[in-house]
Protein chains: 6
Amino acid sequence: MRKKVSETRLYRAEMNDKILGAGFKEFNKFFALDTNAYQPGAISVQNKELMGLVGSMVLRCNDCIFYHLDRCVTEGCSRQEIYEAMHIALVIGGSIVIPHLRYAFEMLDELMAAGEGASSAPAQA
Amino acid sequence: MRKKVSETRLYRAEMNDKILGAGFKEFNKFFALDTNAYQPGAISVQNKELMGLVGSMVLRCNDCIFYHLDRCVTEGCSRQEIYEAMHIALVIGGSIVIPHLRYAFEMLDELMAAGEGASSAPAQA
Amino acid sequence: MRKKVSETRLYRAEMNDKILGAGFKEFNKFFALDTNAYQPGAISVQNKELMGLVGSMVLRCNDCIFYHLDRCVTEGCSRQEIYEAMHIALVIGGSIVIPHLRYAFEMLDELMAAGEGASSAPAQA
Amino acid sequence: MRKKVSETRLYRAEMNDKILGAGFKEFNKFFALDTNAYQPGAISVQNKELMGLVGSMVLRCNDCIFYHLDRCVTEGCSRQEIYEAMHIALVIGGSIVIPHLRYAFEMLDELMAAGEGASSAPAQA
Amino acid sequence: MRKKVSETRLYRAEMNDKILGAGFKEFNKFFALDTNAYQPGAISVQNKELMGLVGSMVLRCNDCIFYHLDRCVTEGCSRQEIYEAMHIALVIGGSIVIPHLRYAFEMLDELMAAGEGASSAPAQA
Amino acid sequence: MRKKVSETRLYRAEMNDKILGAGFKEFNKFFALDTNAYQPGAISVQNKELMGLVGSMVLRCNDCIFYHLDRCVTEGCSRQEIYEAMHIALVIGGSIVIPHLRYAFEMLDELMAAGEGASSAPAQA
């Protein structure tokens, strides 16, 4: 797996540890709420992660895009499904989303090439 | 069906007609692209509309929320599925989404009570 | 008290009841987290509400502006404090904030004239 | 001239007076800066107002759209110029801009029908 | 020409090729629509690119700012015109735009120093 | 003091000099207005800087977050106060703010470790 992917995951994990270990319990509650939103339910985990991807792209947040893309690949979403979700985000959000589409394409290739998805570490959007 | 729902649909239809009939063909192309994004594909129409709902809520656009909620109900999404999508949007977008959650709850009850969804007229987000 | 203020409060209270009574517990957790953020702490409630006002104005959410302005008046913030917070929001957010400054001025006069602030009902941003 | 146009202008004028008369001089400085941005310069007033329209549409602010559209019509921008600027905004901002495009079309017809543009009162975005 | 400019252009071109070659035709349609928006029309290409710059700055997208600035310089916009458009964006978008103004100034100097603008390769915002 | 902090300050100072020395006086006026917004008044400088931090976090601007965090530390805000302001921003802005919370935590540790705050150079958000 390329460095960019593993480094992005590592930075996220380290900083999340710092936040969750800061002794400010409201941060922990928010992170728990965030994790719960993507648990299996009436909507499948795959589709929830694709929804997280759409939300991240229209709000133009690369770190969030990386995380949900990583989760989508781990959960077994196909390239076609990911493209369709990306296109919904592109149409909703407009050309301003294109730089994030470029980033998403770059990361998707790396994540798919790695043949595996997210680390087992707990993570937040 | 309550007035608010039918009036919202009517205004949308009338104004879309005005835009699409203005003789500026690029508008028509954009609207066609928008319609295509929600056609059946690797992702089901139900899930695509739920994704449209998430995108609309995090970007805080009531007209867009109404449209995708209307489509979700028409396509047979359950209340539980809609709540789960709304919750993803709430967590991603934060408390600033709450006023739009209130609007969505208000409209959802009206749409569900009507026992039917969107008019057959073509519509855009 | 003028109608606009009481009606805005009433709609908020009714819709919040609907959301919190929907049986989807994650919504309740988010609302609790939201309420907690403005409790007394190292920062005073007055300043926390002014921070909520700044956040609401730069994100251009009138319902949120109303709520935090209502809370600011209830907590006894002075006009000068409110103007200074509004100005920080205006400078951060730019002329796009001006329509919300107009709304805030309109509501502030009504809230100040009422000689009292928010209803005792629990409320969320 | 239809009511909607004159009422929108009146509310703006009244509330601007309230803000500018509040005795908080920083507000006045911001408004002056805003007015100056659209004065004649290397870029013509027509094109500056069209730029204001684009900025207002991608940021999805109806009050700002109304103001710049009103100014565009007053300054003699053609329908074709306005459509081209609207299309740039639509492509940049995506389908989330469509509800504001509907509003802009509605207002444009009223403003064009009136055969005249903005009132002579000083105004801010 | 400095490295930053050429590298930014190269990354954009490579990733656009990847997106446009992915076999998902809706992406291609969106990119074509985007390109069309800046073609000569009732508004000159120079002013359209300046509008693209304003839209990019108020939405705070550095990649988009770079692209439209590059195009503005290529099309022969003067420094004064670019400053006036930047100022409209600064006033509309507020101090939150300042970091992007810094980026734009940095890039503008490099682009102007190069004595030439964008590569001849097709590009998207 | 670690490099990241000093380099971030240096780049800001250099680019601000470039903007303020460009001979376009409206930029100078905007920067002056921005500086004035955080002067002592009815609200303390500490709380104004915390408000600037909240505004910067909900609008997700790392450069702005750095600047206001730097100012907060210089003005003697406690970790607890900064955490409470960050939490208000997190709840208002949602999980999309988390990557900026990670950045803020990273910078806060560096700024606190340095035992001092912002350079004496004038700076803008």
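Quantities reported herein were computed from a predicted structural model and do not represent experimental measurements. (Residues numbered from 1 in each chain as written. Chains lettered and ligands numbered in written order. Predicted model: local features only at pLDDT ≥ 70, side-chain atom pairs only at ≥ 80, totals over all residues. Heavy atoms only, no water.)

## Describing the nonpolar core
The nonpolar side chains of soluble globular proteins are, as a tendency, buried together.
Link 1 in the chain: A:M86, B:M86, C:M86, D:M86, E:M86 and F:M86 are the most contacted members of the largest nonpolar core, which has 270 residues in total.
Link 2 in the chain: Ignoring anything within four residues of it in the chain, the contact list for F:M86 reads A:F27, F:L53, F:M57, F:L69, F:L101, F:A104, F:F105 and F:L108. (Core = buried A, V, L, I, M, F, W, Y, C linked by side-chain atoms within 4.5 Å. Buried < 20%, exposed > 50% of the residue type's maximum accessible area, 1.4 Å probe, protein only. Contact = heavy atoms within 4.5 Å.)

## Details of the interface of chain B and chain A
Link 1 in the chain: Between chain B and chain A, the residue contacts involve 25 residues of the former and 25 residues of the latter.
Link 2 in the chain: Between chain B and chain A lies a buried interface of about 2,300 Å² when both sides are counted; carbon and sulfur atoms form 75% of it.
Link 3 in the chain: Summed over the three residues of chain B that lose the most area to chain A, namely B:M51, B:I88 and B:V91, the buried surface amounts to 25% of that side.
Link 4 in the chain: At the surface where chain B touches chain A, the tally comes to two salt bridges.
Link 5 in the chain: The partner of B:K48 in a salt bridge is A:E84, and the shortest N-O contact between them spans 3.3 Å.
Link 6 in the chain: Put simply, the parts of the chain that give the side of chain B that touches chain A at least two residues each are α2 (25-36), α3 (45-58) and α5 (79-93) of chain B. (Buried area = accessible area lost by both parts, 1.4 Å probe. Salt bridge = Lys/Arg side-chain N within 4 Å of Asp/Glu carboxyl O. Helix = DSSP H or I, 4+ residues; strand = E, 2+ residues; numbered from the N terminus.)

## Remarks on the packing of aromatic side chains
Link 1 in the chain: Under the defined criterion, the tally for this structure stands at 33 aromatic pairs over all chains.
Link 2 in the chain: Both rings, one in A:F105 and one in E:F27, keep their centres 5.9 Å apart while their planes meet at 75°; by these two values the pair is edge-to-face. On the criterion of chain membership, the pair formed by A:F105 in helix α6 (residues 98-113) and E:F27 in helix α2 (residues 25-36) is interchain, its members lying in two chains.
Link 3 in the chain: Classification of E:F27 as buried rests on a relative accessible area of 0%.
Link 4 in the chain: A centroid spacing of 6.0 Å and a plane angle of 70° characterise the contact between E:Y83 and F:F27, whose relative ring orientation is edge-to-face. With E:Y83 in helix α5 (residues 79-93) and F:F27 in helix α2 (residues 25-36), this residue pair bridges two chains. Across the pair, F:F27 and E:Y83 agree in class, each one buried.
Link 5 in the chain: Among the aromatic residues, those joined into a cluster by ring pairs are A:F24, A:F27, F:Y83 and F:F105. (Phe/Tyr/Trp six-rings, centres within 6.5 Å; stacked < 30°, edge-to-face > 60°.)

## A word on the state of the cysteines
Residues and elements named next belong to chain F.
Link 1 in the chain: The tally for this structure, following the rule as stated, stands at six disulfides over all chains.
Link 2 in the chain: Covalently, C61 is tied to C64 through a disulfide, its sulfur atoms 2.3 Å apart. What sets the handedness of the C61 and C64 disulfide is the S-S torsion sign, and at about 65° it is right-handed.
Link 3 in the chain: Assessed through its relative accessible area of 5%, C61 is described here as buried.
Link 4 in the chain: Considering cysteine sulfurs only, C77 is the nearest to C72, which forms no disulfide, with 4.2 Å between them.
Link 5 in the chain: Overall, the relative accessible area of 0% leaves C72 in the buried class. (Disulfide = S-S within 2.5 Å.)

## Topic: the pattern of salt bridges
Any two side chains of opposite charge can pair if their charged atoms end up close together.
Link 1 in the chain: Taken as a whole and assessed by the stated rule, the structure comprises 48 salt bridges over all chains.
Link 2 in the chain: Linking A:D109 and E:K18 is a salt bridge whose minimum nitrogen-to-oxygen distance equals 2.7 Å. A residue pair is termed interchain when its members come from two chains, as with A:D109 in helix α6 and E:K18 in helix α1 (residues 3-20).
Link 3 in the chain: Using a relative accessible area of 34% as the deciding quantity, one classes E:K18 as partly exposed.

## Some points on the interface of chain D and chain E
Link 1 in the chain: At the interface, 25 residues of chain D touch 25 residues of chain E.
Link 2 in the chain: Taken together, the two surfaces of chain D and chain E that pack against each other cover about 2,300 Å², and 75% of this comes from carbon and sulfur.
Link 3 in the chain: The largest per-residue losses of area from chain D upon contact with chain E belong to D:M51, D:I88 and D:V91, which jointly make up 25% of the total buried on that side.
Link 4 in the chain: Broken down by secondary-structure element, the contributors of at least two residues to the side of chain D that touches chain E are α2 (25-36), α3 (45-58) and α5 (79-93) of chain D.
Link 5 in the chain: Per-class residue counts for the side of chain D that touches chain E are 15 nonpolar, six polar and four charged. (Nonpolar A, V, L, I, M, F, W, Y, C, P; charged D, E, K, R; others polar.)

## Notes on the relation of the copies chain B and chain A
Link 1 in the chain: Its rotation angle being 180°, the transformation that places chain B on chain A also includes 0.0 Å of axial translation and leaves an RMSD of 0.0 Å. Overall, the copies show the geometry of a two-fold rotation axis.
Link 2 in the chain: A share of 100% of interface residues in chain B that are also interface residues in chain A marks the association as one of identical surfaces. (Least-squares fit on C-alpha atoms with pLDDT ≥ 70 in both.)

## Section: the relation of the copies chain D and chain E
Link 1 in the chain: In the superposition of chain D on chain E (RMSD 0.0 Å, axial shift 0.0 Å), the rotation amounts to 180°.
Link 2 in the chain: The residues that chain D uses at the interface reappear at the interface of chain E in 100% of cases, marking a shared surface.

None of the figures reported here should be taken as evidence of function without further support.
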